[in-house]
Amino acid sequence: MRLDKYLKVSRLIKRRTIANEACDAGRVTINDKVAKASQEVKVGDIIAIRFGDKTVQAEVLTIQETVRKEDAKDMFRYL
């Protein structure tokens, strides 16, 4: 699954366009490498997102095309 879509489906970022912009600005990394929005996400990857002076890290646990809001938190684990 593409990184921007994963961020939206897992609700780490609310909208896909915002996820795209964050990737283009270099604020998203996968396994300590700057990631493009089109990069593929795999189970076990560590995603880090910089929001201003705060960084959020999450490990990918599952990948699903669609998910209910209540179940979105089960797609990743905060580190």
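Computed from a prediction, not measured in an experiment: that's the story for all the values here.

**Overview of the sheet that holds strand 5 (residues 76-78)**
Hydrogen bonds along the backbone pair up the strands of a sheet, which may run parallel or antiparallel.
Stage number 1. Reading across from one edge, 2-1-3-4-5 is the order of the 5 strands in this open sheet, with antiparallel pairing throughout. The open sheet is flanked by strand 2 (33-34) and strand 5, the only strands paired with a single partner.

**A closer look at the side chain of threonine 29**
Stage number 1. Note on placement: threonine 29 falls in strand 1 (residues 28-30).
Stage number 2. Non-local contacts of threonine 29, meaning those with residues more than four positions away in its chain, are made with Val34, Ala35, Ile46, Ile47 and Ala48.

**Some details on the pairing of strand 3 (residues 46-51)**
Stage number 1. The pairing of strand 1 with strand 3 spans 3 bridges and is antiparallel. Bridging across to strand 3, valine 28 finds its partner in isoleucine 49.
Stage number 2. Counted between consecutive antiparallel strands, the loop separating strand 3 from strand 4 (residues 54-60) contains 2 residues, among which glycine 52 sits at a positive phi close to 65°.

**Quick look at unusual backbone geometry**
Glycine aside, a negative phi is what most residues show, and trans is what most peptide bonds show.
Stage number 1. Residues other than glycine seldom take positive phi values, yet arginine 11 does so here, at roughly 65°.
Stage number 2. Within the fold, arginine 11 resides in the loop between helix 1 (3-9) and helix 2 (16-24).
Stage number 3. Relative accessible area serves as the criterion here: at 42%, arginine 11 is assigned to the partly exposed category.
Stage number 4. Not every positive phi belongs to a glycine, and asparagine 31 is a case in point at roughly 50°.
Stage number 5. Here asparagine 31 shows up in the loop between strand 1 and strand 2.
Stage number 6. You can call asparagine 31 partly exposed: its relative accessible area is 39%.

**A closer look at the pairing of strand 4**
Stage number 1. Pairing of strand 3 with strand 4 involves 6 bridges; the strand directions are antiparallel. Bridging across to strand 4, alanine 48 finds its partner in glutamine 57.
Stage number 2. As defined by bridge partners, strand 4 adjoins strand 5 across 3 bridges and the pair is classed as antiparallel. Counterpart to valine 60 in the pairing with strand 5 is phenylalanine 76.

**Considering the nonpolar core**
Stage number 1. Grouped together as the largest cluster of nonpolar side chains are 23 residues, with contacts concentrated most on Leu3, Tyr6, Leu7, Val28 and Ile47.
Stage number 2. At the level of elements, helix 1, helix 2, strand 1, strand 3 and strand 4 are the ones that each hand at least two residues to this core.
Stage number 3. Considering each element in turn, this core owes the most residues, 4 residues, to helix 1.
Stage number 4. Isoleucine 47 has contacts with Leu3, Tyr6, Leu7, Val28, Thr29, Ile30, Val41, Val56, Gln57, Ala58 and Val60, leaving out every residue within four places of it along the chain.

Conventions and cut-offs
- Residues numbered from 1 in each chain as written.
- Predicted model: local features only at pLDDT ≥ 70, side-chain atom pairs only at ≥ 80, totals over all residues.
- Heavy atoms only, no water.
- Pairing = 2+ DSSP bridges.
- Helix = DSSP H or I, 4+ residues; strand = E, 2+ residues; numbered from the N terminus.
- Contact = heavy atoms within 4.5 Å.
- Buried < 20%, exposed > 50% of the residue type's maximum accessible area, 1.4 Å probe, protein only.
- Core = buried A, V, L, I, M, F, W, Y, C linked by side-chain atoms within 4.5 Å.

Function cannot be read off these values alone, since they describe shape.
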